[in-house]
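Descriptive structure summary
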Amino acid sequence: MTGVQTCALPIFEDEADVQNVQLGMKAPLTIAKEISVTAVNEQLFADIQKLAPFGNGNEQPYFKITGNVSDIKQIGADKKHLKFNLMTNESKLAALAFGQGELGDGLLIDKAPVSVVATLSENTWQGQISLQLMVKDIQQGGLAIIDQRTNKLRPEDRKSVV
């Protein structure tokens, strides 16, 4: 049995340049509408389900929703996922973010609102049905603090300590 042959990766990179493909970039999400937490209700979910079945060529609509975060939990055996509530003064909505567990600690650092891009789904647990957000992307507002001191290290500061 022979080993796997390596392909000519530079050829693919050249063709990506010709087609203006941004390697390593995520495709932009198409947001159907920006809505409030209070706008998410059973009627909205029922209206969206009238557009089903969803799949290739008929994507489930994404909504941008902004609110404050509470009750953050890292879930899953390896804590790779997040469960939290997105809330306003009037209402609260459960949200799940798969593969974004590392963001958990940072979401509560400041009290700035968080915007999510998500689809709506129903959660059935122990006979109770509730709506929840299936989060695709998270953007946290507030002040970003960048510590640039490490960018100005002198060569003598970089010596390893052994």
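All values reported here derive from a predicted model rather than from experimental measurement.

Some thoughts on the pairing of strand β2 (residues 62-75)
Across 4 bridges, strand β1 (residues 31-35) lies against β2 in parallel orientation. Of the residues in β2, the one forming a bridge with Glu34 is Lys64. Each parallel crossover has a hand, and for β1 linked through helix α2 (residues 42-49) to β2 it is right-handed. Pairing between β2 and strand β5 (residues 114-125): 5 bridges, direction antiparallel. When the sheet's bridge partners are listed, Phe63 is paired in β5 with Ala118. Here 6 bridges tie β2 to strand β3 (residues 81-87), and the two strands are oriented antiparallel to one another. Bridged to Asn68 within β3 is Met87. What sits between the antiparallel neighbours β2 and β3 is a turn of 5 residues, in which Gly76 has the positive phi angle 95 degrees.

So, the nonpolar core
Proteins that are soluble and globular tend to have nonpolar side chains buried together. Of all hydrophobic cores here, the largest spans 24 residues; its most connected members are Ile65, Phe84, Leu86, Val116, Leu133, Val135 and Ile138. In this view, Val116 contacts Phe63, Lys64, Ile65, Phe84, Leu86, Leu133, Val135, Asp137 and Ile138; residues no more than four positions away in its chain are not counted.

Focus on the pairing of strand β6 (residues 128-140)
Bridge analysis of strand β4 (residues 92-97) against β6 gives 3 bridges, and the strand direction is parallel. Bridging from a neighbouring strand, Leu96 pairs with Met134 of β6. Strand direction decides the pairing type here: β5 and β6, joined by 12 bridges, are antiparallel. Of the residues in β6, the one forming a bridge with Glu122 is Leu131. Counting the residues between successive antiparallel strands, the hairpin from β5 to β6 contains 2 residues, one of them, Gln126, with a positive phi of roughly 50 degrees.

Reading the values: the criteria
- Residues numbered from 1 in each chain as written.
- Predicted model: local features only at pLDDT ≥ 70, side-chain atom pairs only at ≥ 80, totals over all residues.
- Heavy atoms only, no water.
- Pairing = 2+ DSSP bridges.
- Helix = DSSP H or I, 4+ residues; strand = E, 2+ residues; numbered from the N terminus.
- Right-handed = clockwise from strand over helix to strand, strands pointing away.
- Core = buried A, V, L, I, M, F, W, Y, C linked by side-chain atoms within 4.5 Å.
- Buried < 20%, exposed > 50% of the residue type's maximum accessible area, 1.4 Å probe, protein only.
- Contact = heavy atoms within 4.5 Å.

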